[in-house]
Amino acid sequence: MKSVAIITEYHPFHNGHLYQAKQSQQLSQSDVTIAIMSGQFMMRGMPAMYNKFKRAQMATAGVDLVVEMPLVGSLSSSDIFAQMGVKVADYLQADVLSFGSESGELSQLEHAAQQLIQLENTPAFQTAIKSGKSYARIAAETLQSDLLSQPNNILAIAYLKQLQRQQSTMQPMTIPRTEVQHHDTDMHHASMASGTAIRKGIVNGDLTWQRMVPEQNIPLMTTPFNDQQRLFDLLKFSILQQTPETLKHIYTMSEGFENRLYRAALSSTDYTSFMQKLKTKRYTYTHIQRILMNVLLNFQYADVSDEVHAVRVLAMTPQGQRYLKYLKVHFPERRIITTINRETAKLFQNEGKATGIYNVLTGDSMTDFNTPVYVRGR
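Residues numbered from 1 in each chain as written. Predicted model: local features only at pLDDT ≥ 70, side-chain atom pairs only at ≥ 80, totals over all residues. Heavy atoms only, no water.

Caption draft 1: Just empty space enclosed by the protein, in detail. Enumeration over the complete set of coordinates arrives at one cavity of 30 Å³ or more. Reported here for the largest cavity is a volume of approximately 40 Å³. Along its surface, the largest cavity is lined by Gly39, Gln40, Phe41, Glu68, Met69, Leu71, Ser74, Glu351 and Ala354. Broken down by secondary-structure element, the contributors of at least two residues to the lining of the largest cavity are helix H3 (71-74) and helix H16 (349-362). (1 Å grid on protein atoms, 1.4 Å probe; cavity = no way out; pocket = protein on both sides within 12 Å on 5 of 7 lines; lining within 4 Å. Points joined across faces, edges and corners; volume = space filled by probe spheres on them. Helix = DSSP H or I, 4+ residues; strand = E, 2+ residues; numbered from the N terminus.)

Caption draft 2: Looking closely at the nonpolar core. Ile36, Leu97, Leu261, Phe274, Leu278 and Leu292 are the most contacted members of the largest nonpolar core, which totals 87 residues. Built from parts of two domains, this core gets at least three residues from each of domain 1 (3-102 + 150-220) and domain 2 (228-303). With 27 residues, the next largest nonpolar core counts Met37, Phe53, Met58 and Met187 among its residues. (Core = buried A, V, L, I, M, F, W, Y, C linked by side-chain atoms within 4.5 Å. Buried < 20%, exposed > 50% of the residue type's maximum accessible area, 1.4 Å probe, protein only. Domains from an automatic or database assignment.)

Caption draft 3: Geometry of the packing of aromatic side chains. What the rule picks out here adds up to eight aromatic pairs. Ring centres 6.0 Å apart and planes at 85° place the aromatic pair Phe41 and Tyr358 in the edge-to-face group. Of this pair, Phe41 sits in the loop between strand S2 (32-37) and helix H2 (52-59) while Tyr358 sits in helix H16, and the two are 317 residues apart along the sequence. No difference in accessibility class separates Phe41 from Tyr358, as the two residues are buried. Considering the side-chain rings of Phe257 and Tyr283, the 5.5 Å spacing of their centres and the 80° angle between planes classify their relative orientation as edge-to-face. Of this pair, Phe257 sits in helix H12 (residues 257-267) while Tyr283 sits in the loop between helix H13 (271-278) and helix H14 (285-296); the two residues are 26 residues apart in sequence, bridging distant segments of the chain. Each of the two residues, Phe257 as well as Tyr283, counts as buried. (Phe/Tyr/Trp six-rings, centres within 6.5 Å; stacked < 30°, edge-to-face > 60°.)

Caption draft 4: Up close: the layout of surface pockets. The space that makes up the second largest pocket amounts to roughly 440 Å³. Around the second largest pocket, the lining comprises 22 residues; the ones closest to its centre are Glu307, Leu347, Phe348, Asn350 and Glu351. Among the elements of the structure, H3, helix H4 (78-91), strand S6 (311-316) and H16 are those that each provide at least two residues to the lining of the second largest pocket. Top contributing element to the lining of the second largest pocket by residue count: H16, with three residues. Its residues assigned to classes, the lining of the second largest pocket comprises twelve nonpolar, four polar and six charged. (Nonpolar A, V, L, I, M, F, W, Y, C, P; charged D, E, K, R; others polar.)

Caption draft 5: View of the pairing of S2. With respect to burial, S2 is a largely interior element, six of its six residues being buried. Residues Val32, Ile34 and Ile36 of S2 are buried on one face, and the alternating residues Thr33, Ala35 and Met37, pointing to the opposite face, are buried as well. Sheet topology note: the strand S1 (residues 3-8)/S2 ladder contains six bridges and is parallel. Residue pairing in the sheet places Ala5 in a bridge with Ile34 of S2. Taken together, S1, helix H1 (residues 15-28) and S2 form a β-α-β motif whose crossover is right-handed. Relative to strand S3 (residues 65-68), S2 runs parallel, the two sharing four bridges. Along S3, the bridge assignment pairs Ala35 with Val66. (Pairing = 2+ DSSP bridges. Right-handed = clockwise from strand over helix to strand, strands pointing away.)

Caption draft 6: Representation of the packing of helix H10 (residues 228-240) against H13. Their axes nearest at 9 Å, the elements H10 and H13 cross at an angle of 55°. On the basis of their axis angle, the class for H10 and H13 is oblique. The segment H10 lies against H13, with Gln228, Leu231, Phe232, Leu235 and Ile239 engaging Tyr271, Thr272 and Phe274. Residues of the contact of H10 with H13, tallied by class, amount to six nonpolar, two polar and no charged. (Axes fitted to C-alpha atoms, helices over the stretch in contact; angles between N-to-C directions. Parallel < 35°, antiparallel > 145°, perpendicular 65-115°, else oblique. Contact = heavy atoms within 4.5 Å.)

Caption draft 7: A look at the domain arrangement of the protein. When its domains are assigned, the protein resolves into domain 1 (3-102 + 150-220) and domain 2 (228-303). Using C-alpha coordinates to define each centre, domain 1 is positioned 27 Å away from domain 2. Counting residues at the interface gives twelve residues for domain 1 and twelve residues for domain 2. A buried area of about 1000 Å², summed over both sides, lies between domain 1 and domain 2, and 72% of it is on carbon and sulfur atoms. (Buried area = accessible area lost by both parts, 1.4 Å probe.)

Have a look at this one:
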């Protein structure tokens, strides 16, 4: 069976994602479409608006198999997000990796990826990083290309770099982003909108968002999490439970930032003022927010592994089920887990803890233990 993989967040799943999934399957002539999806926390450093179980169910409107991205991928920069996604796709024996891009020109993106790999191996790059320059700024100055000013291109290049580094046999494919752009904040198209615009519409009660998602998913999209004050309160509690010395061990914590973080938590009373005190020229809001989520989860450098020893299935269609049976026959040694119990939970300790804390934050009650894999049509 031929398969195409998509590395994604589905925050939430919308018609643009449906288009990408259908195009990916059709153009790659694949039998099955796999989504490797972030769990309870997003790469932009925020809790998901809807939990991973609901988002996985939504995704089966367009894909056949939904598996969970390891937590380290979800709460890292684009390079680690891409690294973990490619590893999971290879573990699932995907033949093609499909991703969106503003460029739509695979050769152009591959050339940029090769340039960046060469750049990262130079002493000048290491010196610039140590001086405090961000990776994005160094790359943009070196390549002098507009490619790196567009978010989907940035991720596309990250995927291509990882395919080269990991010597993956997957064939890359890019689907051009059409109609709307990543940062569009308005729902001006008849049936397509960015995730940003859809989330804004949901929060503001603008029902236009319902035209932008598969109709069968609308009932799943109730009571989104959007309580910034509750998030801040739990963050402040998590930070003040520690000391600057122990905060150093939190994954993605940058040297010296733990002191700034602790002082800001002591003196802030809301999320907005807290973020204003944390912002520096060196770090983007997204990077800071990822640090905060790692603090909330007490996710430490010692907890991090970049190996994929097992994959957690969240949802599937009957075709997805057939693909799992195919993998079981041809790759019986690979651990593709559909049921979480006391033993299998050990394989996904970080992700299980993330669900527990997400539920404290949001009031959700769906856990890996009490929520079976969703099978569409069952």
